[in-house]
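What follows is each chain in one-letter form.
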Amino acid sequence: MSLGILAAGLALGPDRAPAGRGRRRAVGRPDEDAVTLAVDAAAAALAGHPVAPSAVLLVSTTAPYEHGGSVQLVVELLGLQGALFATELTATDRDGLAALRLALSLAETGDGPVLVCATHSDRASKTTGDGAVALLIGRGDGLAELSVAGSHVEELRDRWSLRGGPRHEADRSFVESIGTERLARTVWDASATAGAGARVLIDGPDARSSARLERELGGPGDLVAPAVGHLGPAHALARLLTALAAPSQLVAVAAGQGDCLRAVPTAAGAEAAAAARALVEAPGQEIAAPPPDAVPADFHPYHSIPRSWRERGADLRLEGILPPGAPVPGRDNPTGTVVTWTRDCVYPAAPVTGMAIVDVDGGGRFFGQVCAGEEVEIGSRIRLVPRRLHSGGDVVQYFWKVSPCR
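All values reported here derive from a predicted model rather than from experimental measurement.

S.K.: Explain the sheet that holds strand β15 (residues 335-344) here, please?
M.R.: Within a beta sheet, neighbouring strands are joined by backbone hydrogen bonds and run either parallel or antiparallel to one another. The sheet built from five strands is open, its strands ordered β17-β16-β15-β18-β19 with antiparallel pairing. Single-partner strands in this sheet number two, and they are β17 (365-369) and β19 (397-404). Taken pair by pair, the neighbouring strands of this sheet meet at an average axis angle of 30 degrees, ignoring direction. Bridge count for β15 against strand β18 (residues 381-390) is three bridges, and the pairing is antiparallel. For Gly336, the partnering residue across the bridge sits in β18 and is Ile382. Along the sheet, helix α1 (residues 34-46) makes contact with β18 and β19, crossing β18 at roughly 150 degrees.

The following block contains the structure:
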């Protein structure tokens, strides 16, 4: 059986803010980040799939931990901890496509499918969007067949930073003509199946020159960026997912590196593409600008790495709160009914924090915060979702929050 996309998930920030020239960008809430978006997307990809992944690849340039890794959190929240290979790619926005190439190799030689989670979260940006794409790569019937079409590497820096130093960007004309258009054309020309009846999708460091070359080569144009912003390393995968109505070749370039993959969709892939496009085009909640994070700079709660390790089962998987044998929370968000609720005006992460007690379907009672920007009432049907509580003490504390069912 050929290798390809077995299942997919897309998660976007729930709010929409102006991004200039009539465009919108998806914006996450203050308690969402690259990890929680990745888990939301991965849960959708893993839902109902009978085989657990043998590897997880996290791709992000905005992961919460610059050193020490964030993929462990994704694995734990999904209940996949244990005998599993996991790593992350953090260099450039091209890494989403690079992760697919790695996943194809791992799935070909390994003993199970590979989960790729590409995610981006930068609420302070004026153009990028908050979102994540998860693709399950392996053998069998699924959404599309994938194959490697070409690659290219040279010393070419469009954006860079030295360790601990500021970020830099090359001259705009260089980024357009050399860092994007010439490099993407080189990758396309070198691809083994260039022009073989597949539409080309191009994602490079400059959106304007990427779009210009894509139009020249007969591509469909980017329908994702105008609606939700550029999704960082997840953007190329979001474009691939939304284009699965027809064969496509996806070219992604940055920092002197480029890859080209070919996707041939199935009927199920066309259905997944339509669902992804509907999610991208959904209006969301319009806001003028993201509200600032309310956690004060001097908020330093007690934190202990040994305590976090000992209690990771309760914190990340609700062990001891849900009954034994309950579905894994990260892959099957528990639902329930609000018994009572109140407002906390003391917790420093927000001016007012909703708190709720929930009777969980199937057993167990949960007490915790309501998701940022949401409200519940007695009797409200809710689901429990992983969110960040705070990053006080220079460590991110994740737990579960109450979100209304919609």
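Back to the write-up after that little detour.
S.K.: Can you help me understand the pairing of β17 in this one?
M.R.: For a regular strand, side-chain orientation follows a simple rule: the groups alternate between the two sheet faces. Note: strand β16 (residues 353-360) against β17, five bridges, orientation antiparallel. Across the sheet, the residue bridging to Ala356 is Gly368, located in β17. The hairpin turn running from β16 into β17, its antiparallel successor, is four residues long, and Gly362 in that turn takes a positive phi close to 90 degrees.

S.K.: Which parts of the structure should I look at to understand the pattern of salt bridges?
M.R.: Two side chains that carry opposite charge are able to pair once their charged atoms sit near each other. Scanning the entire structure with this criterion turns up 29 salt bridges. Close ionic contact of Glu76 with Arg317 constitutes a salt bridge, the shortest N to O distance being 2.1 Å. One end of the pair, Glu76, is in helix α2 (residues 71-77); the other, Arg317, is in helix α10 (residues 312-317), with 241 residues separating them in the sequence. Across the pair, Arg317 and Glu76 agree in class, each one buried. For Asp315, the salt bridge identified is with Arg307, shortest N-O distance 3.5 Å.

What counts, and where the lines are drawn
- Residues numbered from 1 in each chain as written.
- Predicted model: local features only at pLDDT ≥ 70, side-chain atom pairs only at ≥ 80, totals over all residues.
- Heavy atoms only, no water.
- Pairing = 2+ DSSP bridges.
- Helix = DSSP H or I, 4+ residues; strand = E, 2+ residues; numbered from the N terminus.
- Axes fitted to C-alpha atoms, helices over the stretch in contact; angles between N-to-C directions.
- Contact = heavy atoms within 4.5 Å.
- Salt bridge = Lys/Arg side-chain N within 4 Å of Asp/Glu carboxyl O.
- Buried < 20%, exposed > 50% of the residue type's maximum accessible area, 1.4 Å probe, protein only.

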